[in-house]
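# Descriptive analysis of the structure
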Amino acid sequence: MAVLILGGGLMGLALAHQLARNGQRVEVLSRRRSEAAGFVAAGMLAPHAEGLSGDLLRLGQLSLERIPAWVEQIEADSGVSCGLRRCGIVVPFASSAERDVYPTAPWGRALNRSELEREIPGIGPGWQAGLLFEQDGQIDNRRQLMRALERSCVDLGVRFQEGLEVLEVCQENSRLQGVRVRNAEGDLETLKAEQAVLCCGAWSGQLLPELPIYPVKGQMLSLQGPREALPRVIFGPGTYLVPREDGLLVVGATSEREAGFTDGLTPFGQRQLQAGIAALLPEAKHWPPMERWWGFRPCTPDEGPLLGASAIEGLWLAAGHHRNGVLLAAITAQLLRGCLLAEPLSADEQSLLSAFSYERFSREPRPLNA
């Protein structure tokens, strides 16, 4: 019987790839893969630039270590480059005092204004200090990684069912029996399964309302700059600039917690991005716009993901990654593969699964990112 992957976004594809590589029959059920956050995010690999801490930093660092080998595996299976760039990320600050109290400052190299200008030629005048995290980087998830994963999965025999909406998880005595679905023609059916993984992104909480996952809308845009005009990612407050190898500059992202699943761009959101560009890299204001889009981050109350077992035996969780989905895809896929295949896990991996269990929200509160 096939393992069902509920959701065809980055988490679903990454896990389907890992399972198929290990000889498992896999079916990916997806309502509309184009709406997945993996096609929307900027692709930063930034546990240090994001200022993560605690268990979330530990999870991000472990994933960052594993990403090169993971990407190499995907590229070998697909024959498609994933666009991984170890370009480093600069976080600018208005003062050295702000820089020195940043949560991940010990992992970065402190920059004064002249050093900041050398790392980011043309950076705005409002920034007097910075941190350079050379270990952080980016991957071209939107144009390359997602396509490479799709190709790998197809070549490994993963079956895709697109246009299939999962309506209900079927259980008996808290044991998974299958899922109730509606296909693109409106027909209802039940797919039997002994094991499934919930990775529906921001929509995961609609399928299992007891999971505290909700959408945080983000708007983004891209500009076409000169090739190599920006050597490193800039992670500013409220706005980040991610330069691709061909000069495309990805600009993100608003954080609209009250928007729910409201589609569309808004003038306020687009003005916010333009203001961020002007503050961080004034010359980029004159670069021609290429695309504008939006998406929905899957957020939890502590902004950490839900990983591992659920309350239903046979149903596993890989959801709620908020703004770190691309960074955490490698470790999520590997941890969940270990769970489904009953592989031995290291003490560190077991500790992380415990830290990011859904059960943490019924324990005494302990912030993951504090």
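Throughout what follows, the structure given in this document is the object of discussion.

Parameters at a glance
Residues numbered from 1 in each chain as written. Predicted model: local features only at pLDDT ≥ 70, side-chain atom pairs only at ≥ 80, totals over all residues. Heavy atoms only, no water. Pairing = 2+ DSSP bridges. Helix = DSSP H or I, 4+ residues; strand = E, 2+ residues; numbered from the N terminus. Buried < 20%, exposed > 50% of the residue type's maximum accessible area, 1.4 Å probe, protein only. Contact = heavy atoms within 4.5 Å. Core = buried A, V, L, I, M, F, W, Y, C linked by side-chain atoms within 4.5 Å. Salt bridge = Lys/Arg side-chain N within 4 Å of Asp/Glu carboxyl O. Axes fitted to C-alpha atoms, helices over the stretch in contact; angles between N-to-C directions. Left-handed = near helix turned anticlockwise from the far one by under 90°. Nonpolar A, V, L, I, M, F, W, Y, C, P; charged D, E, K, R; others polar.

Moving on to the sheet that holds strand S4 (residues 84–85). Read across the open sheet, the three strands follow the order S3-S8-S4; overall the sheet is antiparallel. Strand pairing shows two members of the sheet lacking a second neighbour, strand S3 (44–45) and S4, which therefore form its edges. Across two bridges, the pairing between S4 and strand S8 (residues 137–139) is antiparallel. Paired with Arg85 across the two strands is Gln138, which belongs to S8.

Glancing now at the environment of Gly108. Here Gly108 shows up in the loop between helix H3 (96–100) and strand S6 (109–112). We classify Gly108 as partly exposed; its relative accessible area is 23%. Excluding residues that lie within four positions of it along the chain, Gly108 makes contacts with Leu131, Leu132 and Phe133.

Trans is the prevailing form of peptide bonds, just as negative phi is the prevailing case for residues other than glycine. In this model, Gly252 is joined to Ala253 through a cis peptide bond whose omega is -25°. Note that Ala253 resides in the loop between strand S17 (248–252) and helix H7 (267–280). Phi is positive for Glu303, which is not a glycine, with a value near 65°. Along the chain, the position of Glu303 falls in the loop between strand S18 (289–299) and strand S19 (306–309). On the basis of relative accessible area, Glu303 is assigned to the partly exposed category, the value being 27%. Its identity is not glycine, yet His322 carries a phi of approximately 50°, on the positive side. Within the fold, His322 resides in the loop between strand S20 (315–319) and helix H8 (325–340). Residue class for His322 comes out buried when judged on its relative accessible area of 8%.

The subject of this paragraph is the nonpolar core. For soluble globular proteins, nonpolar side chains are generally found buried alongside one another. Ile5, Leu59, Trp70, Leu145, Val197 and Leu336 are the most contacted members of the largest nonpolar core, which totals 53 residues. For this core, the secondary-structure elements that each account for two or more residues are strand S1 (3–6), helix H1 (10–21), strand S2 (26–30), helix H2 (54–78), helix H5 (141–155), S20, H8 and helix H9 (347–355). Discounting residues that sit within four places of it in the chain, Leu59 has contacts with Pro305, Leu307, Leu328, Ile331, Leu335, Leu352 and Phe356. Grouped together as the second largest cluster of nonpolar side chains are 26 residues, Leu164, Val166, Trp203 and Leu211 included.

All right, on to the pattern of salt bridges then. Proximity of charged atoms lets side chains of opposite charge pair with each other. Counted under the stated rule, the structure contains 21 salt bridges. A salt bridge links Asp246 to Arg143, with the shortest nitrogen-to-oxygen separation between them at 3.0 Å. Of this pair, Asp246 sits in the loop between strand S16 (240–243) and S17 while Arg143 sits in helix H5, and the two are 103 residues apart along the sequence. Looking at Asp246, the relative accessible area reads 29%, which means it is partly exposed. The salt bridge partner of Glu150 is Arg147, with a shortest N-O separation of 3.3 Å. Linking Glu150 with Arg147, this pair stays in helix H5, spanning three residues, or about one helical turn. Residue class for Arg147 comes out partly exposed when judged on its relative accessible area of 44%. Linked through salt bridges whose partners overlap, the residues forming this network are Arg109, Glu119, Glu134 and Arg232.

Looking now at the sheet that holds S18. Here eight strands make up an open sheet; going across it, the order is S6-S7-S5-S15-S16-S17-S14-S18 and the pairing mixed. Every interior strand has two partners, whereas the edge strands, S6 and S18, have only one. Sheet twist, expressed as the mean angle between neighbouring strand axes with direction ignored, is 25°. Where strand S15 (residues 233–235) meets S16, two bridges bridge the pair, whose relative direction is antiparallel. From the neighbouring strand, Ile234 faces S16, where its bridge partner is Leu241.

Turning our attention to the side chain of Arg99. Along the polypeptide, Arg99 turns up in helix H3. Beyond its immediate chain neighbours, meaning those up to four positions away, Arg99 contacts Phe93, Ala105, Ala110, Leu111, Asn112, Ala129, Gly130 and Leu131.

Our next topic: the packing of H1 against H5. Remark: H1 packs on H5, axes separated minimally by 9 Å, with the N-to-C direction vectors making an angle of 40°. Seen from above, H1 lies across H5 with left-handed handedness. Across from Leu10, Leu13, Ala14, Ala16 and His17 in H1, the residues of H5 making contact are Leu145, Met146, Leu149, Glu150, Ser152 and Cys153. Residues that form the contact of H1 with H5 fall into these classes: eight nonpolar, two polar and one charged.

Position of Val28 among the secondary structure elements: in strand S2. Using a relative accessible area of 1% as the deciding quantity, one classes Val28 as buried. As for Val28 and Leu149, which are separated by 121 residues in sequence, their C-alpha atoms are 12 Å apart. Setting aside anything within four residues of it in sequence, one finds Val28 in contact with Ile5, Gly7, Gly8, Ala16, Val158, Arg159, Phe160 and Gln161.

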